[in-house]
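A structural walkthrough
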Amino acid sequence: MLRRNALATSMLLIGALLLTSCTGSNTTPNPTGEADPNATLTVRLSLEPSNLDIRRTSGASLEQALIDNVYQGLVTRDGDDNNAIVAALATAWTVSPDGLTYTFTLRQGVTFHDGSALTAADVVTSLQTAKDDPTIQSSSDLANVASIASPDASTVVVTLAKPNIDFLFAMTGRAGLIFKSGDATNFQTAANGTGPFRVESRNAGQSLTLSRYDGYWGDKAGVAEVVLDYIPDQSAATNAAVAGDVDVALEIDPELRGQIEGTNNFTIESGLTTDKGTLAFNNQRAPLNDQRVREALRLAIDHKALIETLGSGDELYGPIAPLDPGYEDLSGSISYNPDRARELLAQAGAENLSLTLTIPNVYPTTIPTFLVSSFADVGVTLKVNSVDFTAWLQDVYTNHDYDLSFVRHVEARDFGNWANPSYYFGYDNAEVQGLYAQSLATTDQQQSSDLLAEAARIVSDEDAADWLFLSTPLTAVGTNVSNFPKNSLNVRLPLAGVTVAAE
């Protein structure tokens, strides 16, 4: 690595997160030496998990650190190939013509990090537990499973109650992770998976260290050790990169990139995400239950100017990101037009309107400041209620007590939120709900995508929310690093193939 020094004196783990989310690049920046199999790869991240229990603790930071590195499912997703579903602990699978029966052929020679062999019973127990125990994260993804069985030692069969074209994708998430049956590991502080790395140690408030698992069933990890350094403050993260304390820095501040580039030790890359910066409207609360008001608010926002102000991001005019099925470029559906916004507000009797934006304080003040100015230009007074994320979860997500809200929705294939009237958006459209149900029930991928696209157009046309941007974060990749992955690293950070050049 680039020589890692102690961070205690210069890296205070305080401050607010910027807009950008965790992602990286697959470009190879021409390392100066041969790959060193004994190297340590040090990666700066911003969001630290509160513990290591990936089954029962929420938060994308756990998936980012542990899935594909420490824990695996029967299948996983390849973020650098449009989130294609690929083999992991299963070498192959078949789906019955009616879309109800999934037959998985298990990989042989797989062991957990404690040395015990993976068995079909481990797979059946893991999936059955995830289905039956509502305290397990994403348990609802298996609610449609009718049965899980193992007819022989190398086969597991999952039968659904009704077809669900997203089932395999759901199996790439937490509900599909495989654990050792009866494992006594304290999962809050330790781990026992089947991945290319094992958890070596955790220094709460600073770092998580992974070490190569020499008993791994596949190609051995390219480095001996990975240190995930959690540095939430952007200035501290930039200092760490400049000082050579990290090999890769995710989520760098666009305004500080010049300092990192000036070292000539990094290339600055960006990748695709499903990270949607969503300005939510409370569709159940007046006057936001009036589409004219919602449309006016969208027309008041100059998205290009906002993205230029933020320093990164792409325009997004609908609820589906380009990496997901059903994506369609909806840029022609609405454009910046403050004059029309004022007309619509007048028609709705909503002149001199006052609204409150509830926003977690982890986001930069640039976003609410821009919105306050934009809305003021059309006669809307926007008050900003900046809260910690716990308060946002209680007030907005749970109690639906808000006018406008901003958070980044990083999840892939999350259109189902728009088909759920109980979700905090409060959006209730029977046609959208029907189209979404049809998209899941079909076994034809193109038909499913077309149905989702049709539903997404309705959501956008009815101005159910505004999508301020699609996050395209910047990552500083050291010139000594090769094969760093590219896309969707805000939720997945697969590091087995990464190498670091010898010094």
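Here is a short report on the structure shown in this document. (Residues numbered from 1 in each chain as written. Predicted model: local features only at pLDDT ≥ 70, side-chain atom pairs only at ≥ 80, totals over all residues. Heavy atoms only, no water.)

**Overview of the sheet that holds strand E4 (residues 90-95)**
On the basis of which strands lie adjacent, the open sheet formed by 4 strands has the order E4-E5-E7-E6 and antiparallel pairing. In this open sheet, the two edge strands, each paired with only one partner strand, are E4 and strand E6 (145-152). Direction aside, the axes of adjacent strands within the sheet are offset by 20° on average. Two strands pair when backbone bridges link them, and E6 and strand E7 (residues 155-160) are joined in this way by 5 bridges, in the antiparallel orientation. The partner of serine 147 across the bridge, within E7, is threonine 159. Docked against the sheet, helix H2 (residues 120-132) engages strand E5 (101-106), E6 and E7, running at close to 170° with respect to E6. (Pairing = 2+ DSSP bridges. Helix = DSSP H or I, 4+ residues; strand = E, 2+ residues; numbered from the N terminus. Axes fitted to C-alpha atoms, helices over the stretch in contact; angles between N-to-C directions. Contact = heavy atoms within 4.5 Å.)

**Quick look at the pattern of salt bridges**
What the rule picks out here adds up to 18 salt bridges. Here glutamate 261 ties to arginine 257 by a salt bridge, and the two come within 3.1 Å at their closest N and O atoms. With a gap of 4 residues between them, glutamate 261 and arginine 257 both fall in helix H5 (residues 257-261), about one helical turn apart. Glutamate 261 sits in the partly exposed class, given a relative accessible area of 35%. Because the salt bridges share partners, they merge into one network encompassing Arg285, Asp401 and Asp403. (Salt bridge = Lys/Arg side-chain N within 4 Å of Asp/Glu carboxyl O. Buried < 20%, exposed > 50% of the residue type's maximum accessible area, 1.4 Å probe, protein only.)

**Thoughts on the side chain of aspartate 463**
Along the chain, aspartate 463 falls in the loop between helix H12 (445-461) and strand E17 (465-470). Given the relative accessible area of 3%, aspartate 463 is considered buried. Engagement of the side chain of aspartate 463 in a polar contact is seen with the side chain of arginine 298, the distance being 2.9 Å. The contacts of aspartate 463, once residues within four sequence positions are left out, are Phe281, Gln291, Arg294, Glu295, Arg298 and Ile334. (Polar contact = N/O pair within 3.5 Å; in protein donor to acceptor, adjacent residues only side chain to side chain.)

**Notes on unusual backbone geometry**
With an omega of 0°, the peptide bond running from alanine 286 to proline 287 counts as cis. Backbone geometry places asparagine 352, a non-glycine residue, at a positive phi of 60°. If you trace the backbone, asparagine 352 turns up in the loop between helix H8 (338-347) and strand E14 (354-360). You can call asparagine 352 exposed: its relative accessible area is 74%. One non-glycine residue, asparagine 483, adopts positive backbone phi at about 65°. Summarising the element assignment, asparagine 483 is placed in the loop between strand E19 (481-482) and strand E20 (499-500).

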